[in-house]
Amino acid sequence: MISIEAFGRRLRARELTSEQITTRCLRRIEDENPRLNAFILVMADEAVRQARHADRELASGHDRGALHGVPISIKDILDIRGVPTTAASRVREGHLADRDAPAVAHLRQAGAVFLGKTNLHEFAFGTTNEDSAFGPARNPCDPTRSPGGSSGGSAASVAAGMALASVGSDTGGSIRIPAAACGIVGLKPSFGEVSCDGVVPLSRTLDHVGPLTQTVADASLMYHVLLGGAAAATPAPMPISGLRLAVPRAYFCDLLDDDVRARFESALDRLRAAGAHVGDIEIQHAADIAPVYMHISFADAAAYHATTLQTVPERYTEPVRLRLETARYVLAEDYVRALAGREVLRREVEAALAQHDALLLPALPMPAPPIGASTVAIGRSTEPVRNMMLRLTQLFNMTGHPAISVPMERTSAGLPCGMQFVGCRMQTDALLRVALACELLVRGESSHSTV
Amino acid sequence: MTIDQWLEAAQTDADGRRLTALKPLLETLAGMTKALRAADFNERADGVNMQCGMRNLEFPKRIPHS
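Reference entry: report on the structure contained in this document. For clarity, every value in this text was computed on a predicted model and none was experimentally measured.

All names here are of chain A. In terms of burial, strand E4 (residues 165-170) is a largely internal element, six of the six residues being buried. In this structure, strand E2 (residues 71-75) lies alongside E4, joined through three bridges in parallel fashion. Of the residues in E4, the one forming a bridge with Ser73 is Ser166. As paired elements, E4 and strand E6 (residues 208-213) share six bridges and run antiparallel to each other. When the sheet's bridge partners are listed, Ala165 is paired in E6 with Thr213.

Residue and element names in this part refer to chain A. Taken in spatial order, the 11 strands make up an open sheet running E1-E3-E2-E4-E6-E5-E12-E13-E9-E7-E8, and their pairing is mixed. The open sheet has two edge strands, strand E1 (39-42) and strand E8 (277-281), and neither has a second partner. Averaged over neighbouring strand pairs, the angle between their axes works out to 25° when direction is ignored. Strand contacts of helix H2 (residues 18-36): E1, E2 and strand E3 (113-118), with the helix running at about 20° to E3, the strand carrying the most contacts. Relative to the sheet, helix H3 (residues 44-59) contacts E1 and E3, its axis offset from that of E3 by approximately 155°.

Residue and element names in this part refer to chain A. Within the element layout of this structure, Ser73 appears in strand E2. Considering only alpha carbons, one finds Ser73 and Gly192, 119 residues apart in sequence, at a separation of 22 Å. Sequence-distant contacts of Ser73, defined by excluding residues within four places in its chain, comprise Phe39, Gly116, Thr118, Ser157, Ala163, Ala165, Ser166 and Val167. Looking at Ser73, its side chain comes within polar contact range of the side chain of Ser166, at 2.7 Å.

At the junction of the two partners, chain B supplies 31 residues and chain A supplies 39 residues. For the chain B and chain A pair, buried surface summed over both sides reaches about 3,200 Å², with 68% attributable to carbon and sulfur atoms. Close ionic contact of Arg37 of chain B with Glu333 of chain A constitutes a salt bridge, the shortest N to O distance being 3.6 Å. Summed over the shared surface of chain B and chain A, the result is seven residue pairs in polar contact (both at pLDDT 80 or more). Of all the elements in the fold, those that place two or more residues in the side of chain B that touches chain A are helix H1 (3-16) and helix H2 (22-38) of chain B.

Cut-off values and rules
- Residues numbered from 1 in each chain as written.
- Chains lettered and ligands numbered in written order.
- Predicted model: local features only at pLDDT ≥ 70, side-chain atom pairs only at ≥ 80, totals over all residues.
- Heavy atoms only, no water.
- Buried < 20%, exposed > 50% of the residue type's maximum accessible area, 1.4 Å probe, protein only.
- Helix = DSSP H or I, 4+ residues; strand = E, 2+ residues; numbered from the N terminus.
- Pairing = 2+ DSSP bridges.
- Axes fitted to C-alpha atoms, helices over the stretch in contact; angles between N-to-C directions.
- Contact = heavy atoms within 4.5 Å.
- Polar contact = N/O pair within 3.5 Å; in protein donor to acceptor, adjacent residues only side chain to side chain.
- Buried area = accessible area lost by both parts, 1.4 Å probe.
- Salt bridge = Lys/Arg side-chain N within 4 Å of Asp/Glu carboxyl O.

Here it is in structure tokens:
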């Protein structure tokens, strides 16, 4: 599917209209959604109405900027006024949003067209998208596999050409994981930059809202609109020569699928050959990441769900209900220990970035797992899928640093995998400039196949 | 409460609520809690502190791009 940037050029050259591209997406949804189950709700009539309005506005000289007339999907965890926000759960039956979440309002104001709401892991409490009241979403690259999660439907909608971009949420990797699994770009901005109001929370101190797109440039356009400002032009890529990049090898590269490791190392070689300095660095307490993350995210989720676990437990999918029930047993003293650990980790990531422009690591240690798999073989060891899915992303939700997953070359089996770039807090624009500079080298392409 | 005592109490509670499927999940949580409590950033009232107290970590100054 055409990128946002390319569509904008053709729209303004009067070669393509919003209605034409929206209709094309809706046709694609009609063809592909029965196979992929990416959408929970398709808003076809409303989308065409919005697209025609966008075309009329442009014809009359009113240009709202880079997202004018761009058809996108929205994860069904953000409020769109007038339609339910299900969070992929029967617990939310009967809900109707009476206003747009601020992030959605910014997109509406920027002229975006809403195609519909996408499937997710129930309440975003999972990374495979298997546990949804609407059934699992599937990976467009191989429908027997998970699209990742929790924003799996969002990633599938973009990767399958059903939308030009999507908006997801990320509490432990829920934008970057499905982006890597489906072969697209996923950006988690710095904590607090994009409003999480009107978004069903998983953990208020870990939740982030951000875009899933085909290119880094498109992620930048979406990010600026989500902030609520005018859609800025794509920033200039940072010069690659002299770029200071660091790989946290211990822990983060200990457990990697062989194919993912090979693609990661090849991409690093290309960056070095282009003049970037790529060194190694250590996050001293990396081994504590999973326990710290689990105690914070579990306690936060338990507090939010305590009432409905008591009153309507049968409305949850069984796996999510059981995990939430487990979460209710976290002791206050351990939650406080985890908060201390989070602070230590935050300072260690700050230290790692003090002399570097970005940290580089894979976004996902392996390609998308088969739907239904509870374990995955990594080298000679067998690991739980859930632990592996979160392993490389959850740290940066705790520390609040911006992070973006960019597609690498596909594995020998043709499955996508992603490289994660992590930047300094509240410097998401600088991170985007680094990712823009490196994108084609990381992809192993001379130009975008999607554009 | 030690982790073993906590796990036993939690599993008994889960049994009482007819949530026996919780037991393996509680064991996983107990393992994570054990790791969390063993981390060297934890502080102790007797002053016998770990190698890496938070106070030992200064915020680094960012070095501008040259």
